[in-house]
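As a plain string of letters, each chain reads:
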Amino acid sequence: MGVAAASPPTLTPVFSAPRGGSSRPFPRRRLHFLTRSASHMTTSVFVQKEWNRRSFTKSSMYRISSSLLEVKDGTDDEACELVNGVEISIGDGATADSINAHLFTAVKNNNGTGILLLSDVFGFEDSATRDFAYRVACNGYNVLVPDLFRGDPWNKDQTKTTFEEWKARQDPHRVAKDIEASTKWMVDEFIAAGISKKLGIIGFCYGGARLIEVLARDGGVCFGVGVSFYGARMDPSLASSIQVPVLLVSGDDDSFCPVDVLKDIEKRIGRGSKAVIYNGRGHGFAHRPGSPEEDRDAEEAFMIMRNWLYDGLIANI
């Protein structure tokens, strides 16, 4: 697109991940990931693990240039070495009200923008979700992935007949409260760093449907843009309450996210929202591609999302 990125503030993370990708528990200590002064604390957050990953072994990857818009064919190694990942606990780290989460922060190319990522039913520790969040952070963002299921995600080894029983254990009021607490934590961190910038929100499947609910409640206060990937069983009646543009990505062979529902939500939201439908694609293709053909569409969907976030959160501010 050839648009230069706005110059981000210099942000100094108060942690660094160890070399070698160790996942051993670290002593818990306070974390304030954006403030220039680590002594300015606004929330109770404890680091549980610190780690740094170099993943993304797909044959078709991208190197992100300093403009955050231009891309070059190649590997992501150089950019992704500049991302720190930690597992944190939002709260006092000991009570039942504490929320575990993964936090991925861009280091040298940090654009001072936060993204809340809501996972699918497999939870915040699923490798596909973490890899996607890591790659978003490679583009300069600070990505928080909360545990929506309090340590009880759906397991791939469980039978489909027990799914409704599992789902019944996930109290929607508790999930909504945890998302609100995660949002507040990110907002407080940015305010403490002297940054008053709206967040972005991304959701997959279960998280994609929660995204619609979150944005309807938010009314444009905390979030400036949304990206829903194949939101499962979304409620179109909530869409008219959403005050920000939403990118809706799905396949036309996805029974959990029918195209007519997606188009209805797109129309009800308005505000420049856009539905992107991939022919022949089923559920989960964008973050769990299962073939070279799905991989190509997943790469394209990622780049569309990337430009959507940039235009909504950085370029047009």
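Our structure is the block above this text.
As the structure is a prediction and not an experimental result, all values here were calculated from the model.

**Q** Quick one: what's the story with helix α2 (residues 127-138), residue by residue and with numbers?
**A** Spacing of three or four residues puts side chains on the same side of an α-helix, whose turn is 3.6 residues. Over its twelve residues, α2 extends 16 Å from the first C-alpha to the last, a length consistent with the 16 Å expected when each residue adds 1.5 Å. When α2 is considered as a whole, its buried residues turn out to be A128, T129, F132, A133, Y134, R135, V136, A137 and C138. Where α2 begins, the side chain of D126 points an oxygen toward the backbone nitrogen of A128, at a separation of 3.1 Å. Looking one or two residues beyond α2, the residue adopting positive phi is G140, at roughly 105°.

**Q** Hey, could you go over the layout of surface pockets for me, with residue numbers and the actual values?
**A** When its volume is computed, the largest pocket comes out at roughly 760 Å³. Considering the residues around the largest pocket, the lining is formed by 31 residues, among which V121, F163, C205, A232 and R233 are closest to the centre. Those elements giving two or more residues to the lining of the largest pocket turn out to be α3 (163-168), α4 (172-192) and α5 (206-218). The element best represented in the lining of the largest pocket is α5, accounting for six residues. Split by residue class, the lining of the largest pocket holds 15 nonpolar, six polar and ten charged.

**Q** Describe the side chain of S119, listing the residues and the values that go with them.
**A** Of note, S119 is situated in the loop between β6 (114-118) and α2. The class of S119 is buried, set by a relative accessible area of 0%. Excluding residues that lie within four positions of it along the chain, S119 makes contacts with F124, T129, L148, F149, F204, Y206 and G207.

**Q** Any details on the environment of A301? Residues and values, ideally.
**A** For A301, the position within the fold is in helix α7 (residues 292-315). Judged by its relative accessible area of 2%, A301 falls in the buried class. Separated by 25 residues in sequence, A301 and V276 have C-alpha atoms that sit 8.4 Å apart. Residue contacts for A301: discarding those within four places in its chain leaves F229, V249, Y278 and A286.

Cut-offs used in this document
Residues numbered from 1 in each chain as written. Predicted model: local features only at pLDDT ≥ 70, side-chain atom pairs only at ≥ 80, totals over all residues. Heavy atoms only, no water. Helix = DSSP H or I, 4+ residues; strand = E, 2+ residues; numbered from the N terminus. Expected span 1.5 Å × (residues − 1). Buried < 20%, exposed > 50% of the residue type's maximum accessible area, 1.4 Å probe, protein only. Polar contact = N/O pair within 3.5 Å; in protein donor to acceptor, adjacent residues only side chain to side chain. 1 Å grid on protein atoms, 1.4 Å probe; cavity = no way out; pocket = protein on both sides within 12 Å on 5 of 7 lines; lining within 4 Å. Points joined across faces, edges and corners; volume = space filled by probe spheres on them. Nonpolar A, V, L, I, M, F, W, Y, C, P; charged D, E, K, R; others polar. Contact = heavy atoms within 4.5 Å.

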